[in-house]
Amino acid sequence: MDRVEEAFEKVDRAAFMPADVRPYAAIDQAMPIGYGQTISQPYTVGLMLQWLDPQPGDKVLDIGSGSGWTTALLSHLVGPKGQVFAVERIPELVEFGQQNCAKYGIKNAEFSTAGEELGLPEEAPFDRILISASADEFPDKIIDQLKISGKLVIPVGNDILEVTKTSKKNSRDVRKHPGFVFVPLL
């Protein structure tokens with residue numbers, strides 16, 4: 001079993017879903033969590049985490065943390081020496097995600113309500129950044145928050161981009177994975 005599969009085994013998706021949709025947790029599709037947002041399809045989250053490749057001890061930014069499920073998965077993947085910063089724009093979902101992770105005993109994650117600027121520049125740089133909502137175009141400023149050789153996974157339109165920062169001047173290598181649908185990044 002690889003590390004991402006192990007994280008999926010340890011972190012029950014149902015525990016991060018509202019009670020009315022918990023019976024559908026095993027269905028491989030996005031489910032509503034309120035406020036026009038969703039908990040992403042497990043297959044897609046698995047791919048994104050494989051592409052992101054978070055390592056034990058990494059400092060990770062989780063943008064669009066929603067119910068806290070991806071935050072919990074990332075927390076497991078980076079282990080107790082790693083740290084996850086979860087950012088969500090909807091205050092009620094920040095609280096929901098925080099409560100869900102607390103019930104799971106997660107101690108290496110901090111939750112914040114999104115500000116005007118995308119990400120969490122005051123905590124940068126990050127080893128990894130996961131964005132779980134689709135941007136209309138690539139947000140160039142987010143690369144500033146990534147370490148050199150750090151990785152970013154972000155939906156842009158109907159593609160998921162796997163981006164590795166290659167220099168201080170924000171040069172990057174990009175791999176495109178087409179054919180996905182996400183809620184919009186606002």
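Attention in this report is confined to the structure presented alongside it. (Residues numbered from 1 in each chain as written. Predicted model: local features only at pLDDT ≥ 70, side-chain atom pairs only at ≥ 80, totals over all residues. Heavy atoms only, no water.)

## Concerning the environment of Tyr104
As a reminder of what qualifies: Working definition: helices are DSSP H or I runs of at least four residues, strands are E runs of at least two. Numbering for both runs from the N terminus. Residue contacts are defined here by distance: any two heavy atoms, one from each residue, within 4.5 Å place the two residues in contact. Definition of a polar contact: a pair of N or O atoms within 3.5 Å, with one able to donate and the other able to accept a hydrogen when the atoms are protein atoms, and with sequence-neighbouring residues admitted only if both atoms are side-chain atoms.
Within the fold, Tyr104 resides in the loop between helix H4 (91-103) and strand E5 (109-113). In this view, Tyr104 contacts Lys10, Val11, Asp12, Ala15 and Phe16; residues no more than four positions away in its chain are not counted. At 3.5 Å, the side chain of Tyr104 forms a polar contact with the backbone oxygen of Lys10. Among the polar contacts listed, one links the side chain of Tyr104 to the backbone nitrogen of Asp12, at a separation of 2.6 Å.

## Section: a negative patch on the surface
We count it as follows: Each patch groups residues whose relative accessible area exceeds 30% and which form no salt bridge, using 9 Å between like charges and 5 Å between nonpolar side chains of Val, Leu, Ile, Met, Phe, Trp and Tyr. In these tables, accessible area is a Shrake-Rupley quantity obtained with a 1.4 Å probe, and a residue counts as shielded only by the protein chains included in the view. Just to be clear on terms, a salt bridge is a Lys or Arg side-chain nitrogen sitting within 4 Å of an Asp or Glu carboxyl oxygen. Under the counting rule used here, the positive set is Lys and Arg, the negative set is Asp and Glu, and His together with the chain ends is not counted. We put the charge of a Lys on NZ, of an Arg on CZ, of an Asp on CG and of a Glu on CD. Think of it in three bands: with a 1.4 Å probe and only protein chains considered, a residue is buried below 20% of the maximum accessible area for its type, exposed above 50%, and partly exposed in between.
A cluster of acidic side chains, namely Asp2, Glu5, Glu6 and Glu9, defines a negative patch on the protein surface. Mapping Asp2 onto the fold places it in the segment before helix H1 (3-10). For Asp2, a relative accessible area of 30% corresponds to the partly exposed category.

## Quick word on H4
How we decide: An expected span of 1.5 Å times one less than the residue number is assigned to each helix. Taking the helix axis as origin, the arc is that swept by the directions to the C-beta atoms.
An ideal rise of 1.5 Å per residue puts 18 Å on 13 residues; H4 measures up with 18 Å between its terminal C-alpha atoms. Among the residues making up H4, those that are buried are Leu93, Val94, Phe96, Gly97, Asn100 and Cys101. Relative to the axis of H4, the buried residues are bounded by an arc of 165° and lie together on one face. Exposed residues pointing more than 90 degrees away from the buried face of H4 are listed as Ala102 and Lys103. Packed against the buried residues of H4 are strand E1 (31-34), strand E2 (37-39), helix H3 (69-78), strand E4 (83-88) and E5. One or two residues past the end of H4 sits Gly105, with phi positive at roughly 75°.

## So, the pattern of salt bridges
When the charged atoms of two side chains lie near each other, side chains of opposite charge can form a pair. Taken as a whole, this structure holds 6 salt bridges when the rule is applied. Lys141 is paired through a salt bridge with Asp144; the nearest N and O atoms lie 3.7 Å apart. Among the residues examined, Lys141 registers a relative accessible area of 57% and is labelled exposed. When salt bridges that share partners are traced, they join Lys151, Glu162 and Arg175 into one network.

## Things to note about the packing of aromatic side chains
To be explicit about the condition: To pair, rings of Phe, Tyr and Trp, with the six-membered ring standing in for Trp, must have centres within 6.5 Å; the planes then decide the type, stacked if under 30 degrees apart, edge-to-face if over 60, and tilted in the middle. Charges are assigned to positions over rings by a cutoff of 6 Å between ring centre and Lys NZ or Arg CZ, combined with an angular limit of 35 degrees from the ring normal.
The full count for this structure, using the stated rule, is 4 aromatic pairs. Ring geometry for Phe8 against Trp69: centres 5.5 Å apart, planes inclined by 85°, an arrangement best described as edge-to-face. You can see Phe8 sitting in helix H1 and its partner Trp69 sitting in helix H3, a full 61 residues away along the chain. Exposure remark for Trp69: the relative accessible area of 2% places this residue in the buried category. When the centroid spacing of 5.8 Å and the interplanar angle of 70° are considered together, the rings of Phe85 and Phe126 count as edge-to-face. Linking Phe85 in strand E4 with Phe126 in strand E6 (residues 126-131), this pair joins segments that are 41 residues apart in sequence. The class for Phe126 is buried, based on a relative accessible area of 0%. Here the guanidinium or amino end of Arg13 rests over the ring plane of Trp69, the centre of that ring lying 5.5 Å away.

## Some details on the environment of Leu120
With respect to the secondary-structure elements, Leu120 resides in the loop between E5 and E6. Separated by 57 residues in sequence, Leu120 and Ile63 place their C-alpha atoms 8.9 Å apart. The residues contacting Leu120, other than those within four sequence positions of it, are Leu61, Phe85, Val87, Ser112, Phe126 and Gln145.

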